[in-house]
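Structural overview for review
Single-letter residue listing:
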Amino acid sequence: MSKIFKQKNLKRINLSRCFFPFFLLLCAQTNTFAAETEATKPVEKILINADHMKLNIESGNAIYTGNVKISQGALVLTGDKVTLEQANDVLERITVIGKPAHYNHVTETGESIQAESEHMVYNASQNKLVMTINAKLLQPDHKVSSQKITYDTDKRIVIAGDKNDTSTDSSDINQRVNITLTPKKETQP
């Protein structure tokens, strides 16, 4: 491990090399945040790059800071700070904070799903990504922006806005849900 730290005095550390066995175990025991629909597909490696990492070996919880990039197959999360929380050796929650934090995923059908916000929380047991503060979700046929967006990654259901917000000030456009629908292109015979 000391070789990694000595390489050309690099400030950035490829943490996936240092803690790959830990994350491989993590992936094998969880319904990963890039869940595969076919049970026969192998679990893909999680690769993490950050400027700093703090890992609690006993709990398995970890905090990554500074230009954090987490990738697993066709899914990429980036942010300034990422916290991974486990319970009973199972990944429970991923919290991503950034200005903005980004979520990029290419589905099995080749559709690109992109999201950004200043705060994201992925709840693994519910397959839900909750984005708050300047949240945007871009899918092939629509774009949604709001101060809060909840995206069910399994059922592909999007809920935008906060129905508990009772403000009636129409001058604050940022509090409202904005949607842009893109008509599907007709296929040529």
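As the structure is a prediction and not an experimental result, all values here were calculated from the model. (Residues numbered from 1 in each chain as written. Predicted model: local features only at pLDDT ≥ 70, side-chain atom pairs only at ≥ 80, totals over all residues. Heavy atoms only, no water.)

A tally of helices and strands in the chain yields two helices and 10 strands. The N-to-C order of helical and strand elements in the chain reads α-α-β-β-β-β-β-β-β-β-β-β. Within the chain, buried positions represent 33% of all 189 residues. At a minimum sequence separation of 6, the contacts of the chain that also span at least 24 residues come to 40%. (Helix = DSSP H or I, 4+ residues; strand = E, 2+ residues; numbered from the N terminus. Buried < 20%, exposed > 50% of the residue type's maximum accessible area, 1.4 Å probe, protein only. Contact = heavy atoms within 4.5 Å.)

Before going further, it helps to examine the nonpolar core. In terms of nonpolar packing, the biggest core is built from 29 residues, with Tyr64, Val82, Ile94, Tyr103, Met120 and Met131 touching the most fellow members. With near-sequence residues (within four places) excluded, Met131 lies in contact with Ala115, Glu116, Ser117, His119, Met120, Lys136, Leu137, Gln147, Lys148, Ile149 and Tyr151. (Core = buried A, V, L, I, M, F, W, Y, C linked by side-chain atoms within 4.5 Å.)

Further remarks concern the environment of Ser71. In this structure, Ser71 sits in strand β3 (residues 62-72). Taking the C-alpha atoms as reference points, Ser71 and Asn49, separated by 22 residues in sequence, lie 8.9 Å from one another.

Right, let's get into the confidence of the model for the chain. Model confidence for the chain is summarised by a mean pLDDT of 76, while 69% of its residues fall at 70 or above. Strand β2 (residues 52-55) holds the highest mean pLDDT among the elements of the chain, 96, whereas helix α1 (residues 2-6) holds the lowest, 35. Note on residues 1-39: pLDDT is under 50 here. Beyond four places in sequence and across chains, it has 67 contacts. (pLDDT = per-residue confidence, 0-100.)

Right, let's get into a nonpolar patch on the surface. Taken together, the side chains of Val177, Ile179 and Leu181 present a nonpolar region at the surface, about 300 Å² in accessible area. Looking at where Ile179 falls in the secondary structure, it is placed in strand β10 (residues 178-181). (Patch = residues over 30% accessible without salt bridge, like charges linked within 9 Å, V, L, I, M, F, W, Y side chains within 5 Å. Areas by Shrake-Rupley, 256 points an atom, 1.4 Å probe, with all protein chains shown as cover. Salt bridge = Lys/Arg side-chain N within 4 Å of Asp/Glu carboxyl O.)

Moving on, we get to the pairing of strand β9 (residues 157-160). Note on strand geometry: in a regular strand, side chains alternate between the two faces of the sheet. Sheet analysis places strand β8 (residues 142-152) next to β9, joined by four bridges and oriented antiparallel. Residue pairing in the sheet places Tyr151 in a bridge with Val158 of β9. With antiparallel pairing between neighbouring strands as the criterion, β8 and β9 make up a hairpin whose turn holds four residues, including Arg156 at a positive phi of roughly 55°. (Pairing = 2+ DSSP bridges.)

In total, this model carries three salt bridges according to the counting rule given. A salt bridge links Lys136 to Glu116, with the shortest nitrogen-to-oxygen separation between them at 3.9 Å. Taken together, the residues span a long stretch of sequence, with Lys136 in strand β7 (residues 128-139) and Glu116 in strand β6 (residues 112-123) at a distance of 20 residues. What makes Glu116 partly exposed here is its relative accessible area of 23%.

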